[in-house]
Structure formats: C-alpha cells, structure tokens
Amino acid sequence: MKISTEIINKHGISSEEYKKIIHLIGREPNLLELGIFSAMWNEHCSYKSSKKYLKTLPTKNVKVIQGPGENAGVIDIEDNDALVFKIESHNHPSFIEPYQGAATGVGGILRDVFTMGARPIATLNSIHFGDTSHPKTKNLLSGVVSGIGGYGNCIGVPTIGGEVKFNSSYNENILVNAMAVGLAKKNKIFYSKAEGINKSVIYVGSKTGRDGIHGASMASAEFDDNAEEKKPTVQVGDPFTEKLLLEACLELMKDDSIISIQDMGAAGLTSSSIEMASKGNIGIEINLNKVPCREKNMTPYEMMLSESQERMLLILNSGKEKNAEKIFSKWGLDFSVIGKTTNTKNLVLIFDKKEVANLPLNSLSKDAPVYDRKWKKSINSKKIDPPKDFYNKDLYESLKIVLSSANNSEKNWIWEQYDQTVMGDSIQLPGGDSGVIRIHGKNKGVALTVDSSTHYCLANPIVGGKQVVCESWRNLIAVGSTPIAITNCLNFGNPEKEKIMGQFVETIDGITQACTYLDYPVVSGNVSFYNETKNKSISPTPTIGGVGLIKNLNNMVTKNFKEIGNHILIIGKTSGHLYQSEFFREVLDFKEGPPPEINLFNEKNNGLTVLNLISKQLVNSVHDISSGGILVALSEMCFPSKIGAKITLPKINIKLHEYLFGEDQSRYIAEVKEENIEKVSRILNDNSIYFENIGKTQEKYMEVKNEFKASLDEIEKLYKYWFHNYFGESI
Amino acid sequence: MKSSVIVFPGSNCDRDVAVALEKFQIKNQMVWHNETILPKCDLVVLPGGFSYGDYLRTGCIASKSKIINSIIEHVKKGGLVLGICNGFQILIETGLLPGVLLRNKKLKFLSKNVFLKVINTDNRFCSNYKNKDIIKLPIAHNEGNFFADDSLIKKLEDRNLIAFKYCDSQGKVEKISNPNGSSNNIAGILNDKKNILGMMPHPERLIDPILSGEDGSILFTSLLKS
Amino acid sequence: MKISVTVTLKKDVLDPQGKVVKQTLKNLGYENIEDVRQGKFFEIELNENDQVKAKKIIEEISKKLLTNTVIEDYSINYK
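These figures come from a predicted structure and were not determined experimentally.

Conventions and cut-offs
- Residues numbered from 1 in each chain as written.
- Chains lettered and ligands numbered in written order.
- Predicted model: local features only at pLDDT ≥ 70, side-chain atom pairs only at ≥ 80, totals over all residues.
- Heavy atoms only, no water.
- Helix = DSSP H or I, 4+ residues; strand = E, 2+ residues; numbered from the N terminus.
- Rg over C-alpha atoms; globule rule 2.2 N^0.38 Å.
- Buried < 20%, exposed > 50% of the residue type's maximum accessible area, 1.4 Å probe, protein only.
- Contact = heavy atoms within 4.5 Å.
- Areas by Shrake-Rupley, 256 points an atom, 1.4 Å probe, with all protein chains shown as cover.
- Lys, Arg positive; Asp, Glu negative; His and termini not counted.
- Charge placed at Lys NZ, Arg CZ, Asp CG, Glu CD.
- Buried area = accessible area lost by both parts, 1.4 Å probe.
- Salt bridge = Lys/Arg side-chain N within 4 Å of Asp/Glu carboxyl O.
- Nonpolar A, V, L, I, M, F, W, Y, C, P; charged D, E, K, R; others polar.
- Phe/Tyr/Trp six-rings, centres within 6.5 Å; stacked < 30°, edge-to-face > 60°.
- pLDDT = per-residue confidence, 0-100.
- Patch = residues over 30% accessible without salt bridge, like charges linked within 9 Å, V, L, I, M, F, W, Y side chains within 5 Å.
- Polar contact = N/O pair within 3.5 Å; in protein donor to acceptor, adjacent residues only side chain to side chain.

Engineer: Just to check I follow, could you spell out the overall build of chain B for this structure?
Structural biologist: Along the backbone of chain B there are five helices and 11 strands. Computed over the C-alpha atoms, the radius of gyration of chain B is 16 Å, within 12% of the 17 Å expected from 2.2 N^0.38 for a compact globule of 226 residues. Taking the principal axes of its C-alpha atoms as reference, chain B extends roughly 45 × 35 × 35 Å. Counting the 226 residues in chain B, one finds 63% classified as buried. Looking at chain B alone, contacts between residues at least 24 apart form 76% of all its contacts between residues at least 6 apart. Total accessible area on chain B stands at roughly 8,700 Å², and carbon and sulfur atoms take up 50% of it. Charge separation in chain B, taken as the distance between the mean sites of 30 positive and 22 negative side-chain charges, equals 1 Å.

See the structure below:
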C-alpha cells in the first residue's frame with residue numbers, strides 16, 4: 001500500500017520528518033511502521049522541542065540515585081530506603097472525558113512508580129480549570145476530582161496533597177497533573193534497560209483493546225470496511241486490575257526474575273518495547289499473534305498503538321517464566337510470552353507468520369528529530385499605577401474577599417473525596433504546607449508538596465520559574481523537612497510559536513537558577529505542549545512536585561497555632577510587593593505588574609535557619625507566607641485550632657495594605673513560646689535574618705490593633721464553604 | 001488471641017489492620033479468599049478496600065468467595081468477626097448482618113475524621129469504650145449510608161445492636177453530624193449474638209498518637225480482653 | 001407513553017465491571033458465559049402522544065444527559 005501525503009499528515013509527521021524516515025531506513029515505511037514512527041517521534045515521546053533545554057536542568061546531588069530518563073526519579077532517604085517519584089500530565093484526555101482522563105492519569109503515574117519496584121505510598125495532584133463562571137468548569141471540576149478519587153481510592157494509596165486553581169487561560173485547556181511517590185529498597189530498584197540475548201519478552205496485565213489509539217489510527221480505519229467501529233476510543237481506567245497488577249509485580253520483584261520492566265503508557269507496546277531494547281542497545285522481536293487482545297480481529301497497527309491501561313512489559317531471566325506465570329495467574333492477570341530479545345538492534349514484528357515491520361531501533365530513539373525552536377524574549381509585565389484609592393479599602397472586608405475566593409478558599413470539598421488515611425501512615429493531611437507520610441514502621445517521614453504559579457509565570461517567566469521552585473522548597477521547610485529533589489511537569493502552549501517557546505526557555509532558566517542554588521535537583525518529569533485551543537494558549541504553568549525528608553518525626557511542625565499567649569514572628573523581610581497579589585486580583589481586579597522578586601541567598605538562609613529552629617523544637621508552629629500575604633497566612637494558622645491572633649504593625653515605612661497583603665517571598669510565620677523567644681531571636685540575629693515580632697496568639701479573634709477585630713468563626717465560614725456554595729450543596 | 005485477615009482481590013486495608021492487630025499482640029495470619037479452610041483462630045477480620053473494584057455492588061462479589069462458608073461456620077461456633085468498611089459491606093452481602101449500605105447521600109466518596117458515640121459497650125469489641133464513649137475515627141467510603149426499614153431499625157435499637165452512631169464532638173447524635181445519611185446515624189452494628197461487628201469507620205487507622213489519635217486502639221485492646 | 005432507554009459502554013470501550021461479573025459467573029460454574037456488558041436502564045414516562053415528538057425528545061435527553069457520548073451508546077425502546 002502506498003503511503004499518501006494525507007496519511008503522513010494525519011500521523012502528525014512533517015514532510016521533512018518523512019524524508020528523514022526514508023533516509024534512516026533506506027526505504028518507504030509501511031503503514032504500521034509509519035504509525036510507530038509517529039508515536040515515537042511525537043512531542044510526547046521524543047521531547048523534540050524541549051530536549052535542548054531540559055538538558056540544562058540540574059539533575060544530581062548526593063541524594064540522587066536516578067535522575068530523568070527512567071520511569072521515575074529515585075532518591076536516597078537513608079537506611080537503605082529509596083523514594084521513587086514522578087509527576088505527569090493528563091491534560092487533553094481529561095478535557096475530553098474528565099472522569100476517565102483524570103483516573104487514567106493517576107493510574108499511569110502509579111505504574112511509573114511501581115514499575116521501578118516501589119510500593120506507592122502517596123499521590124498528589126495539581127489541577128487547573130477555567131473561570132469558575134465558564135459553563136464547562138463545574139462539570140470538568142467534579143469529573144476530574146471524582147476520577148482522581150475513583151482511581152486512587154480504589155488502589156488504596158492516600159492522596160496527601162494538591163492544589164486547585166482557576167484562571168480563564170484554562171477555559172478550553174484544563175490541566176490535570178498527577179504525582180505519585182513510592183518506597184523501595186535502595187538495592188532493589190528495577191530499571192527498563194534490557195540486557196541479554198534470547199530472553200523472553202513478556203506481556204502482563206489487562207488485554208489490549210482499541211483504546212486511545214491516537215488520531216493517527218483514523219488513517220488506518222479508512223482502509224477498512226468497519227471504519228465507524230474503529231474510531232479511536234477514550235481509555236477507561238480499571239483501578240481494580242491495576243491493584244492486582246501492582247501486587248503481582250511486587251510479588252514477582254521479591255526475587256531476581258526480572259531483568260527489566262517497563263509499563264505500557266503513552267504509545268503502549270510501541271514505546272515500551274522500543275525503550276527497553278534501545279536502552280540495552282539490543283534488538284527485540286515480537287510475535288503479535290501472542291498479544292492478549294480484548295476485541296476480535298485486531299490489526300498489528302492497533303495492537304502496537306493501543307493505549308489500553310494496566311499493562312506491563314517484562315524481560316525475564318531464562319527459566320523464570322513458569323514461576324512468574326503462576327504469580328500473575330493467581331492475581332487473575334494475563335501473562336503471555338510475546339517475543340524475545342535479539343542481537344539485531346532492530347524492532348521486528350511478526351504477524352500471521354509474516355514479518356510486518358522491521359525498523360532499526362536507533363531510527364526510533366537516538367536518531368529521532370531534535371529541534372532548536374526559535375523563541376523570543378517575553379515582554380514582562382511592567383509596573384503601572386494601581387487604582388489610586390486602594391489604600392482606602394477596608395482591611396477586614398478585603399481579607400474576607402480574598403479568603404472567600406475560589407483560588408484562596410479551603411479545598412476540603414475536594415480532598416474529602418480522596419482517601420487521605422489509607423495505609424495508616426498519613427501524618428499531615430492535605431491543607432497544610434506539605435503532606436507528610438511516615439515511612440512504614442519507622443520514626444521518619446517524607447514531606448510532599450505540589451506547587452505552581454500561573455500569575456507570576458505569565459507576568460515574568462524567569463522570576464515565576466524561580467518562585468515556584470522556592471515556594472516548593474519553602475513548603476517542605478515549613479513542616480520541618482530537609483528538601484531533597486523535585487519532579488516537574490511543564491505545561492505550555494504550542495512550542496512552534498516563538499512567544500510560547502520563549503516562555504518555556506525562560507521558565508526553565510528560572511527553575512534552573514533556583515534548583516542549582518538550593519541544591520534541589522530535578523529527577524523526573526514531563527513536558528506537555530500544545531495546551532492551546534483556537535490560538536489561545538494557557539498561561540505558562542510549570543508544576544513542581546517537591547520531596548523532603550524528616551529524619552525524626554518528633555521534630556515535625558504543623559501550621560496550626562498551638563497555644564494562646566505565644567509570640568508571632570514574621571521571619572524574612574516584608575517590603576510590601578502588591579503587584580500580582582491576590583489582594584490586587586480579587587479586591588481590585590487589577591492584574592498588571594511584575595511578580596515579587598526572589599533573592600536566592602535570602603531564600604536559602606531564611607529557610608535553613610527556620611529548619612534549624614524547628615529541629616531544635618524552638619517553634620510551635622510554622623507556616624510559609626505565600627499568595628494572600630501575612631493576613632491570609634495568619635488566618636490559615638488560626639482556623640484549625642480556633643486560636644486567634646492579635647497583631648500590631650511594626651513601626652516601619654510601609655503602608656498597612658502593603659504590609660498585610662504584600663506577597664514578598666522567602667517569608668515564614670512562626671509561633672514561639674515566651675520561654676524560647678530570646679533563643680529564637682538570637683539564632684535569627686546570628687544568621688542576619690530580618691524578623692519582626694508582631695504580636696501574640698489569643699482566644700478566637702483575629703485582630704489587627706486599631707484596625708479590626710473579628711471572630712474566627714465568622715471568617716472561617718467564608719473560607720470553608722466556597723465549593724459547597726458553588727455546587728449548591730448543603731453544608 | 002489469634003486472628004485471620006481475609007484478603008480479597010482489591011482489599012487495600014488488609015495490611016493496615018494486620019499491623020494494628022499485631023501491635024496489640026494478636027497473632028495474625030493473612031488468608032487468601034480462595035482458601036476453603038479457615039486457619040484456627042478466634043477472630044476473623046474482613047478488611048476495608050475495594051474488593052473486586054466495588055463492581056456490580058460493593059461487597060457482592062467477595063461474598064461469593066470460597067472462604068465465606070468457613071467464616072459462616074466460624075460464626076456458628078461463636079467465633080468473632082469484624083468487618084471494617086468494605087468488610088462491613090461484604091458481611092451484609094453474605095447475610096451475616098442485616099440491612100443494606102447505600103451510596104452516601106451526597107453521592108460522593110467521603111474521607112474525613114468523624115465523631116462517634118459508642119452505643120453498646122457490652123460486647124467483645126467495644127468493652128473498653130466504657131471509659132470513653134465519644135471517640136474520633138476516620139471514615140473513607142462511597143457506600144456507607146446504612147439503610148434499614150422501620151422494623152429492622154426498631155429491632156436494632158430495642159435489642160441494643162447498634163455499636164456506633166455518628167455524633168458531634170459533644171456526643172449529640174443529630175442529623176447535622178451524620179456524614180452519609182445513614183438511618184438513625186448508624187455507623188456500626190452487631191448481630192444478635194454480638195459476635196459479629198460491622199462498621200464503616202476505620203479503627204486501624206488511628207492507633208498512634210502521631211496520627212492525631214488513638215481511639216482505634218481501644219477496640220483492639222477490648223478484643224484482647226475477650 | 002412509556003419509553004425505555006438502555007445505556008451501555010461503546011463496543012470497543014473497556015467494561016471493567018462486565019469483565020468482573022463475567023469472571024465471577026464462570027467461577028460459580030456457569031462455564032458457557034461468553035461475555036457480560038454492564039449498562040444502565042431508564043424507564044421514562046412521557047406526557048406526549050405524538051410519536052414523532054416523543055422520539056425527538058427522547059433522542060435529545062439520551063444524548064444530552066443519560067449518555068456520556070464519549071464512551072457510551074444508547075438504545076431506545078418505545079413500548
């Protein structure tokens with residue numbers, strides 16, 4: 001069959017790229033081969049637009065065991081324990097079918113983690129939606145949340161943190177980024193690199209159906225009588241099967257049967273088999289008649305490009321097949337030897353005893369195109385005058401507006417739909433600065449957080465990129481953990497546009513600066529481009545998943561105020577930066593201006609000193625000051641234990657609104673007992689850290705001296721029930 | 001004391017409850033659903049989770065497992081059975097406990113800590129709650145809305161077969177403190193002989209001060225005494 | 001008039017529930033079960049005697065609400 005230009009286009013392959021294919025394989029590909037190229041050379045698998053810049057990210061420190069390039073990153077958390085984690089996007093599928101899209105997003109990221117031999121111990125998510133008034137938002141939000149819950153709850157992994165943001169730039173392109181964290185033994189990590197010739201290649205898990213065969217499959221359907229029936233379908237997640245697959249894989253991993261293992265994610269069998277073989281620099285041969293199929297008469301094209309969920313590919317040591325099969329059949333899963341490793345360095349596919357594809361593996365991986373896309377510098381948002389009368393805005397009314405807004409209100413409506421306590425090791429639940437999970441059976445824990453910052457990144461990608469890394473670092477510090485490494489999910493528009501590519505390049509620059517300075521490397525992640533509809537792109541949205549270690553859980557803190565009569569310190573300098581603040585946005589609807597600058601020296605110095613105070617047990621509670629500023633952060637510390645605060649503004653040359661709502665970076669609020677105040681002050685002074693003692697905790701009132709005094713109950717009501725009201729639910 | 005935790009495909013609190021049992025010196029064994037003979041034990045635990053993915057009806061497919069017959073035998077001999085969350089759902093599907101568990105009234109999964117009033121402390125699961133009968137435990141379920149007709153409710157109330165009811169922090173049992181819409185705020189029930197307890201909340205998740213409470217421990221220490 | 005609508009997952013879409021039910025039936029000894037697909041069934045009473053109009057309404061609500069057309073199909077049965 002002749003490959004027409006139309007078919008090539010439908011596979012998303014440019015004419016240049018097609019020429020390159022012919023050059024690499026010395027002939028025209030057949031349709032199946034073209035499908036394989038299109039899957040491997042697309043942006044998602046090849047990182048062809050981003051590779052050049054991803055290389056600049058710092059990826060190593062003394063704790064990193066495995067950086068980017070594997071199914072997930074791995075870090076050393078001491079005592080032979082290793083933490084395996086990654087974040088990934090599932091944006092487009094979630095927009096089409098929010099429940100299944102989000103569910104399979106969670107399923108995919110969990111597989112990435114347990115593929116490496118780790119039992120998943122926590123998930124987190126970062127989800128972004130359009131305006132709350134946009135007609136699609138409500139359905140998308142409730143669908144995504146129940147999809148995430150539906151999958152994670154069933155598997156039995158606690159959802160321990162996350163964030164939800166609304167902004168009109170996501171009206172037609174929502175973001176669903178899911179992070180999974182797993183625990184493994186340092187000496188029992190499994191990798192995808194194949195080794196050895198004539199080893200069995202084994203397919204396990206669910207059967208292959210015509211799920212999610214990307215748009216390209218439409219081209220193949222044209223050549224079939226049943227074109228209508230073969231339309232690509234949305235993948236449906238089956239968390240039950242995934243749970244069985246998880247248990248079966250972990251059971252098999254107890255001994256040394258497995259040489260290499262890879263989950264079948266995007267581009268299913270194609271990318272998994274190619275990745276394993278090309279990493280091992282060997283060849284692979286697959287007999288497609290052996291692939292367990294759900295539907296009758298599936299073609300090689302469909303089998304190779306299907307994105308059916310809950311499947312894995314294994315390469316086993318010789319002689320281990322029988323025992324492995326026993327394990328998988330005990331769990332009721334398919335198990336089929338579908339091929340073997342070879343020394344050809346080619347991918348060879350057999351169907352009905354005929355060779356239906358034969359491609360050099362290098363042509364699909366190492367020689368895949370890499371682009372140096374054109375980009376231009378972003379035009380950063382300038383300081384223009386804010387509305388004149390903002391100093392007249394009533395403080396208390398403004399606080400209420402900010403706290404009761406969609407972006408700043410409490411998200412209990414969402415996280416109560418996620419099982420947060422299964423596995424019995426959830427120490428800090430969603431709603432704090434970081435989630436904290438105890439390492440099972442030990443008195444140490446890991447702190448986990450996901451962060452993004454749409455407004456700051458759009459206003460200035462470099463500063464925004466830096467800020468989001470620092471925010472993540474700060475959230476980990478605030479619970480008393482030592483930050484170790486991050487995983488990142490980079491969500492952007494169309495990289496073929498210079499402006500978007502510029503946002504990407506600059507954001508990476510900001511991330512690199514902060515990660516390098518803080519010794520906070522990137523160990524895994526994913527890039528999601530083309531988040532764009534009708535020429536309208538999303539705001540640049542890097543999502544950072546941060547991981548920190550708490551060596552001794554007795555030295556952990558939460559943000560909740562503990563006692564009445566303790567001192568309240570603001571650690572770090574407040575200069576009153578209101579541009580891009582929630583106060584300007586929510587109270588004045590003013591969205592211009594630069595984001596707050598980051599001074600990396602102060603960030604690190606303040607953070608490490610706060611960590612020191614926590615480990616010496618000199619502070620009773622700590623909270624980072626982020627969006628909303630001091631007044632919002634204070635409120636969040638008051639609500640959980642219903643302990644109030646009475647503060648007096650320091651005698652400095654900053655206006656009231658600037659001080660209380662400014663979003664200057666690198667700051668924390670700490671609660672300190674009278675008996676410790678001297679010691680704490682001395683340590684802060686010794687480290688040249690600027691701080692202010694602004695007042696004391698008190699009974700159930702939030703009070704700014706000479707300005708307002710309000711009961712916590714009254715404020716909390718506004719903060720707590722935004723989502724209930726949005727969905728018209730009784731409280 | 002010896003226990004058996006039954007593991008169904010899709011159980012996901014099996015390890016958690018085993019950890020809790022062992023913490024309180026109850027010697028535990030994990031038992032695969034496909035077994036036909038129950039190991040010698042005093043207590044059978046049906047753990048939480050999503051047996052068979054909660055497909056068809058929660059607990060329904062697990063209730064057809066091979067091990068169920070020997071659990072029924074165990075009950076007849078007076079052995080103890082504790083069903084937590086999905087385990088409670090399975091007990092109802094097997095007919096070992098009456099009633100039905102409907103979807104939560106808001107039709108959403110609900111994971112949070114709730115207050116419970118221990119209504120019956122005169123049984124082998126709850127005796128140590130005599131000194132503390134307002135407790136806090138986590139719930140995490142989609143189908144925990146216990147429903148029964150008036151005559152069954154009357155029977156449960158009259159014979160004191162309700163173990164736990166949802167309440168507020170002061171112990172008041174009111175509609176507002178009912179998270180899932182269950183009849184009479186019921187969170188857990190006993191059978192006539194009081195050797196079977198089915199409950200939606202998860203005692204095994206609060207057995208450590210660092211996990212914001214130990215109210216779950218009291219259930220396990222009660223078992224030890226029995 | 002009384003009309004019923006059956007909603008099932010599209011033919012090629014994975015039906016995890018049907019899969020488990022089928023396996024359980026086999027375990028219970030019903031060896032000859034070939035396949036099980038699970039769906040939803042709606043009985044609708046419509047105050048409309050005109051067949052054409054009724055058909056239009058039912059088609060509309062089937063698409064608009066009862067069916068998630070991305071993954072589900074529906075069939076209508078007029079009694």
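Engineer: Mind showing me how you'd approach the overall build of chain A here?
Structural biologist: Counting its regular elements, chain A contains 26 helices and 28 strands. Computed over the C-alpha atoms, the radius of gyration of chain A is 26 Å, within 12% of the 27 Å expected from 2.2 N^0.38 for a compact globule of 731 residues. Based on the C-alpha atoms only, the size of chain A along its principal axes is roughly 85 × 50 × 50 Å. Across the 731 residues that make up chain A, the buried fraction comes to 66%. Sequence separation of 24 or more characterises 84% of the internal contacts of chain A that already satisfy a separation of 6 or more. Put simply, chain A shows about 25,800 Å² of open surface, and 48% of that area lies on carbon and sulfur atoms. The positive charge centre, built from 83 side chains, and the negative charge centre, built from 86, are 3 Å apart in chain A.

Engineer: Explain the interface of chain B and chain A here, please?
Structural biologist: Listed per partner, the contact involves 25 residues of chain B and 31 residues of chain A. For the pairing of chain B and chain A, the buried interface totals around 2,300 Å² over both sides, and the portion due to carbon and sulfur atoms is 57%. Inspection of the region where chain B meets chain A yields four salt bridges. Between Asp-425 of chain A and Arg-15 of chain B there is a salt bridge, with its nearest N and O atoms 3.6 Å apart. The class makeup of the residues in the side of chain B that touches chain A is 13 nonpolar, five polar and seven charged.

Engineer: Please explain the environment of Ile-677 of chain A as it appears in this structure.
Structural biologist: Residues and elements named next belong to chain A. With respect to the helices, strands and loops of the structure, Ile-677 is situated in helix H24 (residues 674-686). Judged by its relative accessible area of 14%, Ile-677 falls in the buried class. When the C-alpha atoms of Ile-677 and Leu-569 are compared, they prove to be 9.5 Å apart, with 108 residues separating the residues in sequence. In this structure Ile-677 touches His-567, Leu-569, Val-672 and Asn-693, once residues within four positions along its chain are discounted.

Engineer: Explain the packing of aromatic side chains to me, please; I cannot follow it from the model alone.
Structural biologist: How two aromatic rings sit relative to each other is given by the distance of their centres and the angle of their planes. Scanning the model with the defined rule gives 30 aromatic pairs over all chains in all. With a centroid separation of 5.7 Å and 45° between ring planes, the pair formed by Phe-240 of chain A and Tyr-52 of chain B is classed as tilted. Here Phe-240 of chain A, found in helix H10 (residues 239-252), pairs with Tyr-52 of chain B, found in the loop between strand S3 (43-46) and helix H2 (68-76), and the two come from separate chains. The burial state of Phe-240 of chain A is the same as that of Tyr-52 of chain B; both residues are buried. The interplanar angle of 45° and the centroid separation of 6.3 Å between the aromatic rings of Tyr-579 of chain A and Phe-590 of chain A together place this pair among those described as tilted. In this pair, Tyr-579 of chain A sits in the loop between strand S22 (567-571) and helix H20 (582-588) while Phe-590 of chain A sits in the loop between H20 and helix H21 (600-615), placing the two residues 11 residues apart along the sequence.

Engineer: Teacher, can you tell me more about the confidence of the model for chain A here?
Structural biologist: It should be kept in mind that the predicted coordinates are not to be read in detail where pLDDT is low. Per-chain confidence: chain A averages 94 in pLDDT, with 97% of residues scoring 70 or above. Below a pLDDT of 50 lies the segment residues 215-231 of chain A, which in the model reaches 27 contacts outside its immediate sequence neighbourhood of four places, other chains included.

Engineer: Whenever I open this one, a positive patch on the surface confuses me. Can you help?
Structural biologist: All names here are of chain B. On the surface, Lys-2, Lys-27, Lys-40 and Lys-77 cluster together to form a positively charged patch. In this fold, Lys-2 is placed in strand S1 (residues 2-7). With a relative accessible area of 42%, Lys-2 lands in the partly exposed category.

Engineer: Please clarify how the side chain of Ser-581 of chain A should be interpreted in this entry.
Structural biologist: Residues and elements named next belong to chain A. With respect to the secondary-structure elements, Ser-581 resides in the loop between S22 and H20. Owing to a relative accessible area of 0%, Ser-581 belongs among the buried residues under this scheme. Within the local environment of Ser-581, its side chain forms a polar contact with the backbone oxygen of Leu-578, the two atoms lying 2.6 Å apart. The residues contacting Ser-581, other than those within four sequence positions of it, are Phe-661 and Glu-663.

Engineer: Can you walk me through the interface of chain A and chain C in this structure?
Structural biologist: Accessible area lost when the parts come together is the quantity often used to give the size of an interface. Taken residue by residue, the interface counts 16 residues in chain A and 10 residues in chain C. Both sides together, the interface formed by chain A and chain C hides about 1,200 Å², and carbon and sulfur atoms give 56% of it. Of all residues in chain A, Val-236, Asp-238 and Arg-294 of chain A bury the most surface against chain C, accounting for 34% of the area lost on that side. At the boundary of chain A and chain C, one finds two salt bridges. A salt bridge links Lys-19 of chain C to Asp-238 of chain A; its shortest N-O distance comes to 3.5 Å. The tally of links from chain A across to chain C stands at four residue pairs in polar contact (both at pLDDT 80 or more). Residue composition of the side of chain A that touches chain C, grouped by class: four nonpolar, five polar and seven charged.

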